[in-house]
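Residue strings, one per chain:
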Amino acid sequence: MAADLGGGSSDADGGSVRHIPVLLSEVIEALQPKPGQVILDGTFGAGGYTSAILAEGASVIGLDRDPTAIAGGQGLVEASGGRLTLVHSRFSDLARHAPAGGLDGVVLDIGVSSMQIDEADRGFSFQKNGPLDMRMSASGVSAADVVNRAKVSDLIRIFGFLGEEKQAGRIARAIEKAREKEPFTTTRQLANLIELTTPRKAKDKIHPATRVFQALRVFVNDELGELARALIAAERALKPGGRLVVVSFHSLEDRIVKKFFQDRSGKAAGSRHLPEVHDRAATFAPVGRPMVAASDEESAVNPRARSAKLRAGERTSAPAGTDDLSIFNLPNLAGLEKMGS
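A brief report on the enclosed structure follows. Every chain is numbered independently, its residues counted from 1 as its sequence is written. With the structure being a predicted model, the display of local features is reserved for residues of pLDDT at least 70 and the display and counting of side-chain atom pairs for 80 or more, all residues being used for whole-chain, interface and lining totals. Neither water nor hydrogens contribute to the side-chain values; these are computed over all heavy atoms in the structure.

**Quick look at helix 2 (residues 48-55)**
Counting buried positions along helix 2 gives 6 out of 8 residues, so the element sits mostly inside the fold. Relative accessible area decides the class of each residue, using a 1.4 Å probe on protein chains only: under 20% of the type maximum gives buried, over 50% gives exposed, and in between gives partly exposed. Strands here are runs of E lasting at least two residues and helices are runs of H or I lasting at least four, both read from the DSSP assignment and numbered beginning at the N terminus. Along helix 2, the positions that sit buried rather than exposed are Gly48, Tyr49, Thr50, Ala52, Ile53 and Leu54.

**Things to note about helix 11 (residues 223-237)**
The span expected for a helix works out to 1.5 Å for each residue beyond the first. Counted at 1.5 Å a residue, the expected span for helix 11 with its 15 residues is 21 Å, and the 20 Å between its end C-alpha atoms agrees. With 13 of its 15 residues buried, helix 11 lies for the most part within the structure.

**Considering the packing of aromatic side chains**
What counts as a ring pair is set by centres within 6.5 Å for rings of Phe, Tyr and Trp (its six-membered ring), and what kind of pair is set by the plane angle: stacked under 30 degrees, edge-to-face over 60, tilted for all other angles. According to the stated counting rule, one finds 4 aromatic pairs in the structure shown. Measuring from ring centre to ring centre gives 5.7 Å for phenylalanine 260 and phenylalanine 284, while their planes differ by 65 degrees; the resulting arrangement is edge-to-face. Here phenylalanine 260, found in helix 12 (residues 251-263), pairs with phenylalanine 284, found in strand 6 (residues 284-286); they are 24 residues apart in sequence, far enough to count as distant. For the pair formed by phenylalanine 260 and phenylalanine 284, the shared burial category is buried.

**Quick word on unusual backbone geometry**
Positive phi, normally seen in glycine, also occurs at leucine 23, with a value near 55 degrees. Secondary-structure assignment places leucine 23 in the segment before helix 1 (24-31). The buried category is assigned to leucine 23, whose relative accessible area is 0%. Despite not being glycine, methionine 134 has its phi angle at roughly 75 degrees, a positive value. Under the relative-accessibility criterion, methionine 134 is labelled buried at 0%.

**Brief notes about the environment of isoleucine 156**
Topologically, isoleucine 156 is positioned in helix 7 (residues 152-163). Using a relative accessible area of 28% as the deciding quantity, one classes isoleucine 156 as partly exposed. When the C-alpha atoms of isoleucine 156 and glycine 169 are compared, they prove to be 5.3 Å apart, with 13 residues separating the residues in sequence. Contact partners of isoleucine 156, with chain neighbours within four places excluded, come to Ala168, Gly169, Ala172 and Arg173. Two residues form a contact once any of their heavy atoms are found within 4.5 Å.

Here it is, written out as structure tokens:
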């Protein structure tokens, strides 16, 4: 499940927190899985949502871009009696794995998993020293590639946009100076530099490196672009009456989900002074409240639930909307392909 790396909980600093599915009962209530249905879990992780969906009698297609998650879920596959299929895939490609008749539900839990945070050699945590990696798929451009090769101006934009780091310029310039002497290879090496550059104040609830690590992780894995493409793919893969349920943990993610459901609500986005703008046929009808947050009780038990937000919609029979990503206003950042080895 996703973790809040930008919030104020202890796990934001990369500490180990036992894997607990976030907003589990609310997710199941929104999905309403039933025997005979096919639900796609786009972020299988440790199988928390999938297990609950299977318990309701539905079949599940579970996707994960992390090959270790797919390997770890084989026991659940064997116990499912043929009702669980696991696929190593990005969730933006979910439409490729949907049955010909469409899906009855899609659930997405956005962000990094607790399992990834807890594995030092994955490089997501700075509390556990490991290689500066952060790749969910274990392939492609790493965080070390970005830190060592990106222009200062690009680092500033990455830290500022994706991490909402106010000291982005100061940190980026410190990185540029340090990497001239020695390239960054470990999480602790980068975290120590950030802490020296922007020392932690007594009132600070999170480590000074938290937002930079979040920004690098989001950038390396193209998390915002993946989310935007997954929402569009889900719209095309769901049958009429199918449910889309998304749990996000950061304002950047939630903004994309909220924008998507607003755009697909059928309401015209134009000004009242432009009579040529007409309402469109809604492709999603709202399910429950516009946004559901974790209860105080759940947040007390599971710190990672504190920033969780659930949004859900039910697919109508209207044709799918445009696949134009411009509706999401994604930040225009440097290309990953320029930063590889």
